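Structure at a glance
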Amino acid sequence: MLHLTHKQRWAALSIGLYLIFVVAAIFIGFLNPSTIGLEWTIFWYFVVAGLCYYFYFKNFSYREVVYYAKKLDLHKEDLVALVPKLKETQDVPDPDHPHFFSPFARIPITIVNTLTDQLAPQATAKNIPPYR
């Protein structure tokens, strides 16, 4: 049986989403170069590829924070204390009630990166295996 790491699963999901977009664009024809021009066609393929990469990176990073927080027995309040200057419109992951997908706007990638930078060394110090 093939065993994929979490990183590989999120990458495969993102690539799958991109392939669905490409197949839909070809069969439906909404990005036909003769209709919208070659430049716009190329532009939209790159934009969607970038969004798929962002989807992969943000969701992997979100799950990494949840993983470390659970292993370190941290809760949402503990994570809030680790983020300086959290705005009212921003939030941190809730390790006790994680979403399957990272909330798109409520939890920015900067917050997730800040938490990962703080939690990963703590996990290493406590011999917690890295999130893969």
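Scroll up for the structure.
Here the focus is the nonpolar core. The biggest cluster of nonpolar side chains holds 22 residues, and the ones touching the most others in it are Leu79, Leu115 and Leu119. Contributing elements (two or more residues each) for this core: helix H3 (38-71) and helix H5 (109-125). Looking at this core, the element that brings in the most residues is H3, giving eight residues. Once you skip the residues sitting within four places of it in the chain, leucine 115 turns out to touch Val65, Leu79, Leu82, Val83, Val92 and Pro93.

This part covers helix H1 (residues 6-28). When the terminal C-alpha atoms of H1 are compared, their 32 Å separation across 23 residues agrees well with the 33 Å that a helix rising 1.5 Å per residue should span. For H1, the set of buried residues is Trp10, Ser14, Phe21, Val22 and Ala25. On the buried face of H1, the contacting elements are H3. Note on H1: the residue one or two positions beyond its end, glycine 29, has a positive phi of about 85°.

The next subject is the packing of H3 against H5. Running from N to C, H3 and H5 cross one another at 40°; their axes reach a closest spacing of 9 Å. Comparing their axes, H5 and H3 come out oblique. At the point where H3 passes H5, the crossing takes the left-handed sense. In this structure, H3 contributes Tyr54, Phe57, Lys58, Ser61, Tyr62, Glu64, Val65, Tyr68 and Ala69 to the contact, and H5 contributes Ile109, Val112, Asn113, Leu115, Thr116, Leu119, Ala120 and Ala123.

Okay, the environment of leucine 86 next. Summarising the element assignment, leucine 86 is placed in the loop between helix H4 (76-82) and H5. When the C-alpha positions of leucine 86 and tryptophan 10 are compared, they lie 27 Å apart, and in sequence the two are 76 residues distant. Non-local contacts of leucine 86, meaning those with residues more than four positions away in its chain, are made with Val80, Asp91, Val92 and Ile111.

A positive phi is found at aspartate 73, a non-glycine position, where the angle reads about 55°. The topology assignment puts aspartate 73 in the loop between H3 and H4. Residue aspartate 73 is classed as exposed on the basis of its relative accessible area, which comes to 57%. Even without being a glycine, asparagine 127 presents a positive backbone phi close to 60°. Relative to the helices and strands, asparagine 127 resides in the segment after H5. Its relative accessible area of 70% is what places asparagine 127 among the exposed residues.

Calculation notes
- Residues numbered from 1 in each chain as written.
- Predicted model: local features only at pLDDT ≥ 70, side-chain atom pairs only at ≥ 80, totals over all residues.
- Heavy atoms only, no water.
- Core = buried A, V, L, I, M, F, W, Y, C linked by side-chain atoms within 4.5 Å.
- Buried < 20%, exposed > 50% of the residue type's maximum accessible area, 1.4 Å probe, protein only.
- Helix = DSSP H or I, 4+ residues; strand = E, 2+ residues; numbered from the N terminus.
- Contact = heavy atoms within 4.5 Å.
- Expected span 1.5 Å × (residues − 1).
- Axes fitted to C-alpha atoms, helices over the stretch in contact; angles between N-to-C directions.
- Parallel < 35°, antiparallel > 145°, perpendicular 65-115°, else oblique.
- Left-handed = near helix turned anticlockwise from the far one by under 90°.

The analysis is restricted to geometry; functional conclusions fall outside its scope.
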